Amino acid sequence: MNKKIIENLLEESGISSFEAKVEAMMFIKHYLNLTAVDIAIEPEFEETKELMHAIEERTSTKRPIQYIIGQADFMKEKFFVNENVLIPRPETEYLVLSAIEDIKKYGYKKVMDIGTGTGCIACMIAKNTDAQVIGVDISLEALEIALDNSSKLGLFNKAIFRKSDIFSNVKADEKFDMIVSNPPYIKLSEKPTLQKEVTFEPECALFANDENGVEFYEKIISQAGDFLNPNGELIFEVGINQAQYVKSFMEQNGYGNIEIVKDFANIERVVKGRKI
Ligand code: GLN
């Protein structure tokens, strides 16, 4: 057996050749504990039943590889994932990096992450700043994963988690310097057009129920002022073509200094502003 054979199996099932290369290496690493250097030195290896079974599952069902192996890469860390949480996306790194920059610049100490899912945002902010991050989610199953991830990264009292439907379980006198969120923003009408892999992810993490996919931005923006310190910051990841709407909704609700950050595909991906 060698890496090329695995790549071919993946490609024959319709997976792009770029993805097939990435995933073949992920399978080899996970099931055989071999690195890219190991297989460069010795390209041939013994396959195992578990490896072949996993590849078969991937090609026949299109279940995402991250759910099959139970982990996903995010900002050079490994995060536990299962079907109760969204798989962290590379786009979200723009949100986290932008948040970290401002936390350091303004000396923010208390951060809230709404819809924390895997906890990837909360954990990476906690790991890279002096702030304490409270991640909330409506899903208890998601909070379990988030807690596993923060423990694994040794962030026990820096990234903490709580069940809350947006602000439902946040006390009126609890104030934050920054509120960050990557909420569900896909329009329900887009459901039939999604890649098969995405259908394995939790619907409550993917979809907003309104026509433009902005219901969670509206809910968060209209309430966040009550939970932010003066000059506190609200920072979002947004979907394609949502940035300008989110920006103007923030302006109408008492936020200024609004900035938009583009991602690697030149798509407006992050919208942030400060309470005025
Ligand atoms: N906050 C999590 C992430 O960015 C989950 C986002 C979501 O489920 N919409 O990965």
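Structural data are supplied above this passage.
Structural notes, computed from the coordinates.

Cut-off values and rules
- Residues numbered from 1 in each chain as written.
- Predicted model: local features only at pLDDT ≥ 70, side-chain atom pairs only at ≥ 80, totals over all residues.
- Heavy atoms only, no water.
- Helix = DSSP H or I, 4+ residues; strand = E, 2+ residues; numbered from the N terminus.
- Rg over C-alpha atoms; globule rule 2.2 N^0.38 Å.
- Buried < 20%, exposed > 50% of the residue type's maximum accessible area, 1.4 Å probe, protein only.
- Contact = heavy atoms within 4.5 Å.
- Areas by Shrake-Rupley, 256 points an atom, 1.4 Å probe, with all protein chains shown as cover.
- Lys, Arg positive; Asp, Glu negative; His and termini not counted.
- Charge placed at Lys NZ, Arg CZ, Asp CG, Glu CD.
- 1 Å grid on protein atoms, 1.4 Å probe; cavity = no way out; pocket = protein on both sides within 12 Å on 5 of 7 lines; lining within 4 Å.
- Points joined across faces, edges and corners; volume = space filled by probe spheres on them.
- Nonpolar A, V, L, I, M, F, W, Y, C, P; charged D, E, K, R; others polar.
- Pairing = 2+ DSSP bridges.
- Phe/Tyr/Trp six-rings, centres within 6.5 Å; stacked < 30°, edge-to-face > 60°.
- Lys NZ or Arg CZ within 6 Å of the ring centre and 35° of its normal.
- Near = heavy atom within 4 Å.
- Polar contact = N/O pair within 3.5 Å; in protein donor to acceptor, adjacent residues only side chain to side chain.
- Sits in = over half its atoms within 2 Å of the grid points.
- Core = buried A, V, L, I, M, F, W, Y, C linked by side-chain atoms within 4.5 Å.

## Concerning the overall build of the protein
Consideration 1: Counting secondary structure elements, the protein contains 11 helices and 11 strands.
Consideration 2: Relative to the compact-globule value of 19 Å for 276 residues, the protein shows a C-alpha radius of gyration of 20 Å, a close match.
Consideration 3: Over its C-alpha atoms, taken along the principal directions, the protein stretches across nearly 60 × 40 × 30 Å.
Consideration 4: Counting the 276 residues in the protein, one finds 50% classified as buried.
Consideration 5: At a minimum sequence separation of 6, the contacts of the protein that also span at least 24 residues come to 62%.
Consideration 6: Accessible surface, the protein as shown: approximately 13,300 Å² in total, 51% of it carbon and sulfur.
Consideration 7: Charge centroids of the protein, computed over 32 positive and 45 negative side chains, lie 5 Å from each other.

## Things to note about the layout of surface pockets
Consideration 1: Estimated volume of the largest pocket: approximately 1,300 Å³.
Consideration 2: For the largest pocket, the lining is made up of 46 residues, of which R89, P90, E91, Q195 and V198 are closest to its centre.
Consideration 3: Sorting the residues of the lining of the largest pocket by element identifies α2 (17–32), α5 (65–69), β1 (71–74), β7 (186–187) and α9 (203–206) as the ones contributing at least two each.
Consideration 4: Considering every element that reaches the lining of the largest pocket, the biggest residue donor is α2, with five residues.
Consideration 5: Within the lining of the largest pocket, the residues separate by chemical class into 24 nonpolar, nine polar and 13 charged.
Consideration 6: Size it by volume and the second largest pocket reaches roughly 480 Å³.
Consideration 7: As for the second largest pocket, its lining consists of 31 residues, and the residues nearest its centre are G115, D137, P184, C204 and A205.
Consideration 8: Within the residue set of the lining of the second largest pocket, elements represented by two or more residues are α7 (120–128), β4 (132–137), α9 and α10 (215–224).
Consideration 9: Class assignment for the residues of the lining of the second largest pocket results in 18 nonpolar, 10 polar and three charged.

## A look at the pairing of strand β10 (residues 255–262)
Consideration 1: Relative to strand β11 (residues 268–275), β10 runs antiparallel, the two sharing six bridges. Counterpart to Y255 in the pairing with β11 is K275.
Consideration 2: Counted between consecutive antiparallel strands, the loop separating β10 from β11 contains five residues, among which N266 sits at a positive phi close to 65°.

## A look at the packing of aromatic side chains
Consideration 1: Tallied over the full model, the rule gives seven aromatic pairs.
Consideration 2: Ring geometry for Y106 against Y108: centres 5.6 Å apart, planes inclined by 35°, an arrangement best described as tilted.
Consideration 3: A relative accessible area of 35% places Y106 in the partly exposed class.
Consideration 4: With a centroid separation of 5.1 Å and an interplanar angle of 90°, the aromatic rings of Y217 and F236 are classed as edge-to-face. Of the two residues, Y217 is situated in helix α10 and F236 in strand β9 (residues 228–237); the sequence distance between them amounts to 19 residues. This pair shows no difference in class: Y217 is buried, exactly as F236 is.
Consideration 5: The side chain of K152 reaches across the aromatic face of F80, ending 4.7 Å from its centre.

## Quick notes on the site of the ligand
Consideration 1: Around the ligand sit L86, T92, G115, T116, C120, I121, N182, P183, P184 and A205, and those are all the residues in its vicinity.
Consideration 2: For the ligand, a nitrogen atom lies 2.9 Å from a polar atom in the backbone of G115.
Consideration 3: The backbone of A205 places a nitrogen or oxygen atom 2.9 Å from a nitrogen atom of the ligand.
Consideration 4: Calculation on the ligand without its partners gives an accessible area of 300 Å², and the protein chains cover 96% of this total.
Consideration 5: More than half of the atoms belonging to the ligand lie within 2 Å of the grid points that define the second largest pocket.
Consideration 6: Partitioned by chemical class, the residues of the shell around the ligand number six nonpolar, four polar and no charged.

## Details of the environment of I28
Consideration 1: By the element assignment, I28 lies in helix α2.
Consideration 2: For I28, a relative accessible area of 0% puts it in the buried group.
Consideration 3: Sequence-wise, I28 and I240 are 212 residues apart; in three dimensions their C-alpha atoms are separated by 34 Å.
Consideration 4: Ignoring anything within four residues of it in the chain, the contact list for I28 reads K3, I6, N33, L34, I39 and F45.

## With respect to the nonpolar core
Consideration 1: Counting residues in each nonpolar core, the largest one holds 33 residues, and the members touching the most others are F167, I179, I221, L234, F236 and M250.
Consideration 2: At the level of secondary structure, the elements contributing two or more residues to this core comprise β3 (110–114), β4, β6 (176–181), β8 (207–208), α10, β9, α11 (243–252) and β10.
Consideration 3: The biggest single contributor to this core is α10, with five residues.
Consideration 4: If we skip the residues at most four places from it in the chain, I221 touches L234, F236, V246, F249, M250, N253 and Y255.
Consideration 5: Core analysis: the next-biggest nonpolar cluster, separate from the first, contains 29 residues, F79, A146, L153 and F161 among them.

Scope: geometric values only; no functional claims are made or implied.
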